[in-house]
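Residues per chain, in single letters:
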There are 2 protein chains.
Amino acid sequence: MFSDILQGIVEQSGGGIGISLMGYDGIAIEQHLSDYDEVDLQLLAVEYANVLKEVKRAVEVLNTGFMEEVTVKTGRFLVVVRALNDEYFVVLTLTRDGNIGKARYLLMREAPKLREALA
Amino acid sequence: MFSDILQGIVEQSGGGIGISLMGYDGIAIEQHLSDYDEVDLQLLAVEYANVLKEVKRAVEVLNTGFMEEVTVKTGRFLVVVRALNDEYFVVLTLTRDGNIGKARYLLMREAPKLREALA
């Protein structure tokens, strides 16, 4: 169930190389990783769990409403993170030339289904 | 000099409510804050300095290239952060209905000028 939704997002995103549904503790519930071997996608997801914990903390301190989405652009990758609820989020990694707008759209569209599957 | 560039970005961004040029230590070099009083923009910039430090650390661990840009969408705000060099970055805050694409474009376009002014 999770698996199909996640695989669909990677395949439709254009430039998608991996996706993880994971908890703020850095433990993945489900992943779909392509054969892209230039980076450890597992490690990447865990590192982004730390980033997201820090964003979540900042957002709570600032009282600026629910954290929805974080994107990070580096020299080699685009990463889009979407919070699902207080415990879980999705991390989608794209190659640098990927379509970040489409990735954000797909995660927004599929988030309710993932939340439902988690309930 | 900084001041004019920063003010121009806020004014052109559409929904821009504040901008800070700051170091990873959380100390602002220059700010341009509107009268928007529903959030402490100073505190917001400092909190995002912490977030960015964590992103920077993750990017270094993962060796995924230079960190360029981070965006965060919450229930109330959009925040676009653009790294200028190893020491400084810019944080632009927009209202939730702001134009994140335009904000990203303006920061990308003005980054070289800000880097030059810092040198």
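Residue positions are counted from 1 within each chain, in the order its sequence is given. Throughout, the order in which chains and ligands are written sets their labels, letters from A for the former and numbers from 1 for the latter. Thresholds applied to this predicted model are a pLDDT of at least 70 for local features of residues and 80 or more for the giving and counting of side-chain atom pairs; totals over whole chains, interfaces and linings are not thresholded and use all residues. The basis for the side-chain values is all heavy atoms of the structure; hydrogens and waters are excluded.

Position of R82 of chain B relative to the elements: it lies in strand β4 (residues 77-83). Every residue pair with non-hydrogen atoms within 4.5 Å of one another is taken to be in contact. With near-sequence residues (within four places) excluded, R82 of chain B lies in contact with E68, E69, F89, V90, L107, M108 and A111 of chain B. Elements are defined by DSSP. Helices are runs of H or I of four residues or more, strands are runs of E of two residues or more, and each kind is numbered from the N terminus.

Values of pLDDT, which run from 0 to 100, indicate the predictor's confidence residue by residue. For chain A, mean pLDDT is 88; residues scoring 70 or higher make up 98% of the total. Scoring of the predicted complex yields 0.88 for pTM and 0.86 for ipTM.

Quick look at the packing of aromatic side chains now. Residue and element names in this part refer to chain A. Note on aromatic pairs: the rings of Phe, Tyr and Trp (six-membered ring only in Trp) are paired at centre separations within 6.5 Å, and the planes decide the class, stacked below 30 degrees, edge-to-face beyond 60, tilted for the rest. Applying the stated criterion across every chain yields a total of two aromatic pairs over all chains. Taken together, a centroid distance of 5.0 Å and an interplanar angle of 45° make the contact between Y24 and F89 tilted. Residue Y24 is found in the loop between β1 (16-23) and β2 (28-33), and its partner F89 is found in strand β5 (residues 88-95); the two are separated by 65 residues along the sequence. F89 carries the same exposure label as Y24, and that label is buried. Criterion for a charge above a ring: Lys NZ or Arg CZ within 6 Å of the ring centre, and within 35 degrees of the ring normal. Seen from the ring of Y24, K56 lies directly overhead, with NZ or CZ sitting 4.9 Å from the centre. Residue burial is assigned from relative accessible area. The probe radius is 1.4 Å, only protein chains are included, and a residue is buried under 20% of its type maximum, exposed over 50%, and partly exposed in between.

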